[in-house]
Each structure stands twice: as C-alpha cells, then as structure tokens.
Amino acid sequence: MSDIVIIGAGLAGCEAAYQVSKRGFTVDLYEMRPGILTPAHKTGMLAEIVCSNSLGSENKDGRVSAAGILKEELTLLDSLILSCAEASRVPAGGALAVDRERFSALVTERIESERNITLIREEFKELPSTLSIIASGPLTSDKLAGSLAEFAGERIYFYDAVAPVIMRESVDMSKVFVSGRYGRGDDYINCPMSKEEYRAFYDALIHAERNLPHDFEKGKYFEGCMPVEALAERGEDTLRFGPMKPRGLVDPRTGHEPYAAVQLRQDNSEGTLYNLVGFQTGLKWPEQRRVFSMIPGLEHAEFVRLGVMHRNTSVNAPAVLDEFLRLKGRENIFLAGQITGVEGYMESTAMGLVSGVNASRVMRGDALMSWPRETATGSLLNYLMTTEPKHFQPMNMNLGIFPEIKGIRGKKERAEFHRNRALDSVSHLTAKAGGFQ
C-alpha cells in the first residue's frame, strides 16, 4: 500500500497527488472513470473540465483581481494544474481559458509519468481507514457520498449547469462582430441584439421547457453558476446586467453598444469550437436548439454539446472540517476540492494543494501548516472555517474574503495592496527554512 490514498483524479485530486509525490511519498490515486461515469463527465481523462473552459481572470494590463492573485500564488507554489492550464491556454481576453482536451491530456500525462503515483481505475466506496485525501468532487459517487454523510451528517446540495458549445463555422459572421470589451483584443464573438430581438428571446427563454429538479430541491442553485433561464426569472432586464450585458461592446456597423449581446468564447486551441458565455442551462435539449437559435448569428448553429444540469455535493465545511481540511473526529482524512465548499477550478486546485502539502507533513511527522491569512488561499480557508454553519454557502475567490484593510479607499488600490501583501507572504513561505515543504 502507498503512503497516502487519494480518491478522485479531478483538478484537486491530481494537484494533491503531485504535491505529495514531489515530496517523496507514494500515492494510490483512485479514479472511477471511465468504468463509472457521472452525469456530466464524458471521458476517462484526468482533470476533465465539464463546465466553462475559463479558469477565471488574470492579473495583467494593470488590472488586479482576487482570482488573479490566487493564480499568482499557485504559480509560486508550483501548481501542476496551473502549469498545464498555461500550456493549453486559448485566447480569452483578461481570463485564463483552456482547450479542454489538451488540458486534460497534459494533466493525465504528467500524473501517469510520476513514479510515486499509482493510478487505480476503481470506485472507492467508503471512508478509508488510512491516511487519505478525499477529492471526489461535486459529483461524488452515491456510495462514497453516503459513507461520508453517515459520518459527517451535514451536507449541502445545489444545482450546477453546463453551457452549450457550438461549431464556429456554423455562426453567421455577417450578423456578429469580433471584439473584447472596450476594444481590448479580439478574443470574443459578439452576437448583438436589438430591443425587439431581446424581448422575443427573453419571452421564449422563460417559457421554454426545462429539466427541473425534484420539488423539494427546486431553486437551490449556486449564484455563480445560475442557469440562464433561472436568472431570467428575476426580471426582464436581469440578463442585460449579467451574461448579456452590452457594456464596452461597440458594434462597428452602428458605432453604438447594442441593447444586449451574447458572447461566444473559444473552447479549443484550433478555434473551431466556441461556448456561449454565461449560458449554463437546464433547458430540455430540443428547447435549447429552438431558443438559442433566436440569437442573431446562431440561427443555424451546430451544437456539439448541449447544456446539462447536475447536482453538486459539498460538506458544510465549518461544521465538519478543521483548519487543515481534515474531517473532525477522523484526522486521517483530508478533504480537497469542491467537496470542501469552495467553488471554481482554481479554488479547488488550491484546496488540493493545501491537503497534499499537509498530508505530506503528517507522513514526515511535522506540524501541519496553517496558511497565512493574508493570502488568497488562506482567505479561502478562513471562510470555510469561520462562516456560521447554518448560513454557509459555497464560495468563489473574491476580494471580500481577504482580511479587512483600513486607510485605503480606492478599489484598485485595495486590490493592489491585497496582491502585494499576499505574494510577499507566499514568497516568504517558500523561502523560509522548513516552510513550504
């Protein structure tokens, strides 16, 4: 048996396995796919991305974001997932987006080449008794989720949705224009709508047939991944201030911003596939084709993947996890990834890194590492540990969870302060004797 068992070879599990392996310990990495697929996964490749291909914003051109700070931290900490993302990136303006297949192929290749990692293609059905990391993700198998629930009791269910992907060659380019917001680059295809076109689309969307969850779980969506049809129900103009906002998009044919706009983002390195940004959906498949073909330029769109809705599972972190992401009462078990209660690819990766580092420290007999509070990673951990359990909801990386600062009023200045302080802290951590080891 290897030193550490890791269950789940998604982003968090692969990151944890890499961090353990590079520290000289052996890993049994369990992945049930392709033998057992989830409602969202389609392949047996490791770290398969099933939702958006965007890994969030980056810090560049003088703009600083919480997601960008987290990425810079992960770069300093030698993240496997981030390095594979950089190597498989596709144009996405100020965000880091990847070619899904190339990204997963790179992660799979790197994990399979690690001599300390044994990849086992089997379902792990119950809580392990040895030192382990559960990184089984939001689509944890029923048996393992049941075993976890039997011990932990507290769980959160919420629904997540996937956006459709279309063939670029099927877009009517005479009705769209290529541009980033405020003329920054040419990474997006923009489908402009007039007021009349928008109202017709909106009416069709809110009346379209859906694949609804069970009545007792209806409406439990994560705010950061709200199905477009559920978002539309909040009001006719909601989409125009959300995924269809026209701000900063000037149609060269009119010289003005359109009333509304749908953006398409490149989904693979060849530029043959594009996804509908912010259009995750649970509409029935025939309805997706009917309603989304009302978008100017997409009248004859060829869909290579239609949107799906699936249930995500995470624990109530402040109730069941300690500050090191261990199950309270089962200190041999760390959790990592979305199942901890973070939301997002890089956030999940960071939790995999944290668990991998501390599981290695257990093997070495060292004290576990408390992550610096002023870092992005430490702020995520603090949110998981300190939120009132009855109000806990999964969380993305954002500047609001960093420690409060006083005396700096401007948003840009505050963001730069958080970035500089976080990166200084991580740099000190990696340079410190006995620190990030």
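Anyway, here's the lowdown on the structure attached to this text. (Residues numbered from 1 in each chain as written. Predicted model: local features only at pLDDT ≥ 70, side-chain atom pairs only at ≥ 80, totals over all residues. Heavy atoms only, no water.)

1. A short note on the overall build of the protein
Thought 1: Of the regular secondary structure elements, the protein holds 12 helices and 17 strands.
Thought 2: Taking 437 residues into account, the globule formula puts the C-alpha radius of gyration at 22 Å, and the protein, at 22 Å, falls close to it.
Thought 3: In terms of overall dimensions, the protein has C-alpha extents of about 65 × 50 × 45 Å along its principal axes.
Thought 4: Burial statistics for the protein: of 437 residues in total, 59% are counted as buried.
Thought 5: Partitioning the contacts of the protein with sequence separation of at least 6, the portion at a separation of at least 24 is 70%. (Helix = DSSP H or I, 4+ residues; strand = E, 2+ residues; numbered from the N terminus. Rg over C-alpha atoms; globule rule 2.2 N^0.38 Å. Buried < 20%, exposed > 50% of the residue type's maximum accessible area, 1.4 Å probe, protein only. Contact = heavy atoms within 4.5 Å.)

2. A word on the layout of surface pockets
Thought 1: Empty space within the second largest pocket amounts to approximately 500 Å³.
Thought 2: Here the element with the most residues in the lining of the second largest pocket is helix α4 (residues 100-113); it accounts for three residues.
Thought 3: Looking at the lining of the second largest pocket residue by residue, the class counts come to 11 nonpolar, three polar and eight charged. (1 Å grid on protein atoms, 1.4 Å probe; cavity = no way out; pocket = protein on both sides within 12 Å on 5 of 7 lines; lining within 4 Å. Points joined across faces, edges and corners; volume = space filled by probe spheres on them. Nonpolar A, V, L, I, M, F, W, Y, C, P; charged D, E, K, R; others polar.)

3. Overview of unusual backbone geometry
Thought 1: Of the consecutive residues Arg33 and Pro34, the connecting peptide bond is found in the cis state with omega at 5°.
Thought 2: Topologically, Pro34 is positioned in the loop between β2 (27-30) and β3 (54-57).
Thought 3: In this structure, Leu325 is a non-glycine residue whose phi angle is positive, near 75°.
Thought 4: Assignment of secondary structure puts Leu325 in the loop between α9 (317-320) and β16 (326-327).
Thought 5: Judged by relative accessible area, which is 0%, Leu325 ranks as buried.

4. A word on the packing of helix α10 (residues 345-364) against helix α11 (residues 376-386)
Packed helices, taken two at a time, are described by their axes: the angle between them and the distance between them.
Thought 1: In the contact formed by α10 and α11, the axes pass within 10 Å of each other and the chain directions differ by 90°. In terms of their interaxial angle, α10 and α11 are classed as roughly perpendicular. In this structure, α10 uses Glu347, Ala350, Met351 and Val354 to contact α11, whose residues at the interface are Thr377, Leu380, Leu381 and Leu384. (Axes fitted to C-alpha atoms, helices over the stretch in contact; angles between N-to-C directions. Parallel < 35°, antiparallel > 145°, perpendicular 65-115°, else oblique.)

5. A short note on the sheet that holds strand β12 (residues 260-266)
Thought 1: An order of β10-β11-β12-β13-β9-β14 is seen for the six strands of this open sheet, with the pairing classed as antiparallel. Only two strands of the sheet have a single neighbouring strand rather than two, namely β10 (177-178) and β14 (303-305).
Thought 2: Both strand β11 (residues 188-193) and β12 contribute to a ladder of six bridges, which runs antiparallel. In the strand pairing of β12, Cys191 is matched with Val262.
Thought 3: Where helix α6 (residues 195-206) meets the sheet, it contacts β11 and β12, and its direction lies at approximately 95° from that of β11. (Pairing = 2+ DSSP bridges.)

6. Digging into the sheet that holds β16
Thought 1: One open sheet accounts for six strands, arranged β6-β2-β1-β7-β17-β16; its pairing is mixed. Either end of the sheet is taken by a strand with one partner, and the two such strands are β6 (117-120) and β16.
Thought 2: As defined by bridge partners, strand β7 (residues 132-134) adjoins strand β17 (residues 330-335) across three bridges and the pair is classed as parallel. For Ser132, the partnering residue across the bridge sits in β17 and is Ile333.

7. Quick word on the nonpolar core
The tendency in soluble globular proteins is for nonpolar side chains to be buried side by side.
Thought 1: Counting residues in each nonpolar core, the largest one holds 88 residues, and the members touching the most others are Phe103, Val107, Ile111 and Trp371.
Thought 2: The element best represented in this core is α10, accounting for eight residues.
Thought 3: Ile111 has contacts with Cys14, Ala17, Leu29, Leu46, Leu80 and Ile117, leaving out every residue within four places of it along the chain.
Thought 4: The next biggest cluster of nonpolar side chains, apart from the first, holds 33 residues, and it includes Tyr198, Met226, Val228 and Leu231. (Core = buried A, V, L, I, M, F, W, Y, C linked by side-chain atoms within 4.5 Å.)

8. Some remarks on the packing of aromatic side chains
Here the distance between the centres and the angle between the planes together describe a pair of aromatic rings.
Thought 1: Under the definition given, this model contains six aromatic pairs.
Thought 2: Taking 5.6 Å as the distance between ring centres and 70° as the angle between the ring planes, the aromatic pair formed by Phe279 and Phe292 counts as edge-to-face. Linking Phe279 in the loop between β13 (273-276) and α8 (285-292) with Phe292 in helix α8, this pair joins segments that are 13 residues apart in sequence.
Thought 3: Under the relative-accessibility criterion, Phe279 is labelled buried at 0%. (Phe/Tyr/Trp six-rings, centres within 6.5 Å; stacked < 30°, edge-to-face > 60°.)

9. Let's talk about the side chain of Ser79
Thought 1: By secondary structure assignment, the location of Ser79 is in the loop between α2 (66-76) and α3 (80-87).
Thought 2: For Ser79, a relative accessible area of 3% gives the class buried.
Thought 3: A distance of 3.1 Å separates a polar atom in the side chain of Ser79 from the backbone nitrogen of Leu82.
Thought 4: Setting aside residues no more than four positions away along its own chain, Ser79 makes contact with Glu15, Gln19, Leu74, Thr349 and Leu353. (Polar contact = N/O pair within 3.5 Å; in protein donor to acceptor, adjacent residues only side chain to side chain.)

10. Overview of the environment of Phe392
Thought 1: Its place among the elements puts Phe392 in the loop between α11 and α12 (411-431).
Thought 2: Classification of Phe392 as buried rests on a relative accessible area of 3%.
Thought 3: For the pair formed by Phe392 and Ile120, sequence separation is 272 residues and the distance between their alpha carbons is 34 Å.

11. What about the pairing of strand β1 (residues 4-7)?
Thought 1: Neither face of β1 is left uncovered, since the one carrying Ile4 and Ile6 and the one carrying Val5 and Ile7 both have all their residues buried.
Thought 2: Where β1 lies against β2, four bridges are found, and the strand directions are parallel. Residue pairing for β2: Ile6 is matched across the bridge by Leu29.
Thought 3: What joins β1 to β2 is helix α1 (residues 11-22), and the crossover it makes is right-handed.
Thought 4: In this structure, β1 lies alongside β7, joined through three bridges in parallel fashion. Paired with Ile7 across the bridge in β7 is Ile134. (Right-handed = clockwise from strand over helix to strand, strands pointing away.)

12. Details of the environment of Glu126
Thought 1: Along the polypeptide, Glu126 turns up in the loop between β6 and β7.
Thought 2: The sequence separation of Glu126 and Ala376 amounts to 250 residues, and the corresponding C-alpha distance is 32 Å.
Thought 3: The residues contacting Glu126, other than those within four sequence positions of it, are Leu144 and Ser147.

Such coordinate-based values are descriptive only and should not be taken to indicate function.
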